[in-house]
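Now for the letters of each chain:
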Amino acid sequence: MKTDQKYAFETKMIHAGYEGDETHSVVPPLFQTNAYYYDSVEHAQSLFELKEAGNIYTRITNPTNAFFEERVAALDGGVGALAFSSGHAAMFNAIVNLCCVGDEVVSSCNIYGGAVNMFGVSLKRLGITVRFVDPDDLSAWGAAVSDKTKLFFTELIGNPHANVSDIEGIAEIAHKNGIPFMVDGTFCSPYLCRPLEFGADYVVHSATKFLSGHGQVMAGVIVDGGSFSFKDNPRFPLFNQPDVSYHGVVFADTGAAAFILRLRALIMRDLGSCLAPFNSFLIMQGIETLSLRMERHCENALKIAEFLEGNEQVERVNYPSLKSSKYYALAKKYMPKGASSVFSFRIVGGKERAAKFIDSLCLIQNVSNLGDIRTQISHPATTTHSQMSAEQLKASGIDGGDIRISVGLENIDDLINDMKNAFRSCIQ
């Protein structure tokens, strides 16, 4: 599909990134190769010096991965994208692309527990400090900025309580301070929200989740909006000073996709968190039905949330599409087609009652995953967020009675009946 044509989202999710090849294959081909031959020594040298575009080694580029990257970039409205072996790998590599020892990141505290551990423990060991803030408190973002801050980060819909970040408000503060802003759009997918349109500079997805949708793969992808300029910004000598890796190239002078180019040519080259081409091939199949799946996910999720809100054994339901949610207005602003299908609810009786409810389910799976066509449920305090300290759990509002659910595509009556039976077990 010609990238300069203004096709609708549903058309892009089927055609973007692949314009056909010499085989005339309808489906984007799987290039299951680790390397590529060069026409000459001169050709190889031009490729390695970034003077010519082309395939060098699958760790850096692969045609099947490129189909996937270009499709997601088109869906999110970016100038480029880079795929990784997991969502976590994408986040880590993006931060390392911007930060050195002594640098800082400002992040929402209401994010996936594994990300909290990566930010607060692993990055700290590398000399990168992450300052956690309440994402609802816009003043806290500005107050956390120092001359070492290199990135703002938030999840559009927070994990597990489905808080909605004010993307425009946070972006304004970031850009006022000359700092790029990255949004994790995993829960929404580009179909429900494109954060680049609201001021974000980069979007990260765990493609393991809704983009794939079928529980088959691990993958991550970063989309570059091309909106952030590193030129003459004293915070980013890595971009606006000559790089020794490529004989003095200044990445800030390479164009709008400077971030993604350096991420690919330097960070991916050196750290090697590349995505297997077969995984890209599978995700492409999933993306072809993305809009249809997301519509059903949101429809089912709202019905489940309304059912839970009317249940006397449920203390509260954290779903932004409920009119009772304090995030309802933000959800309508950023996600008018629906606020995804991942949210939490707190069961009366704490951890013991939550465990009994989960163990009593028959259809709904107890799985530490989300964004699957299958409905999956988990207990954050003992699984996905278990690495967090008591203080961090309190700051994120996570209690022993909290249950996270990712609503799938099953028949809604079957799902509700399964939950009704589990609730009955809790009072026996």
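First, a word on what this report is: a plain description of the structure on this page. Here the structure is a predicted model, which means the values were calculated and not measured.

Before going further, it helps to examine the packing of helix α12 (residues 290–309) against helix α16 (residues 412–426). Two elements in contact, α12 and α16, have axes whose closest approach is 10 Å; the angle formed by their N-to-C orientations is 30°. In terms of orientation, α12 lies roughly parallel with respect to α16. Crossing of α12 over α16 shows right-handed handedness. Residues Asn300, Lys303, Ile304, Phe307 and Leu308 of α12 pack against Ile412, Leu415, Ile416, Met419, Lys420 and Phe423 of α16.

Below, the discussion takes up the pairing of strand β6 (residues 202–206). For β6, the buried fraction is high: five of the five residues fall into the buried class. Of the two faces of β6, both are covered, the one formed by Tyr202, Val204 and Ser206 as well as the one formed by Val203 and His205. Both strand β5 (residues 181–184) and β6 contribute to a ladder of three bridges, which runs parallel. Bridged to methionine 182 within β6 is tyrosine 202. Sheet analysis places β6 next to strand β7 (residues 220–224), joined by five bridges and oriented antiparallel. Bridge pairing links serine 206 to glycine 220 in β7.

Packing of helix α4 (residues 87–98) against helix α5 (residues 113–125) leaves a shortest axis separation of 11 Å and a crossing angle of 35°. In this structure, the crossing between α4 and α5 has a hand that is right-handed. Between α4 and α5, the contacting residues are His88, Met91, Phe92 and Ile95 on the first element and Gly114, Ala115, Met118, Phe119 and Leu123 on the second. Of the residues assigned to the contact of α4 with α5, the class counts are seven nonpolar, two polar and no charged.

What counts and how
- Residues numbered from 1 in each chain as written.
- Predicted model: local features only at pLDDT ≥ 70, side-chain atom pairs only at ≥ 80, totals over all residues.
- Heavy atoms only, no water.
- Axes fitted to C-alpha atoms, helices over the stretch in contact; angles between N-to-C directions.
- Helix = DSSP H or I, 4+ residues; strand = E, 2+ residues; numbered from the N terminus.
- Parallel < 35°, antiparallel > 145°, perpendicular 65-115°, else oblique.
- Left-handed = near helix turned anticlockwise from the far one by under 90°.
- Contact = heavy atoms within 4.5 Å.
- Buried < 20%, exposed > 50% of the residue type's maximum accessible area, 1.4 Å probe, protein only.
- Pairing = 2+ DSSP bridges.
- Nonpolar A, V, L, I, M, F, W, Y, C, P; charged D, E, K, R; others polar.

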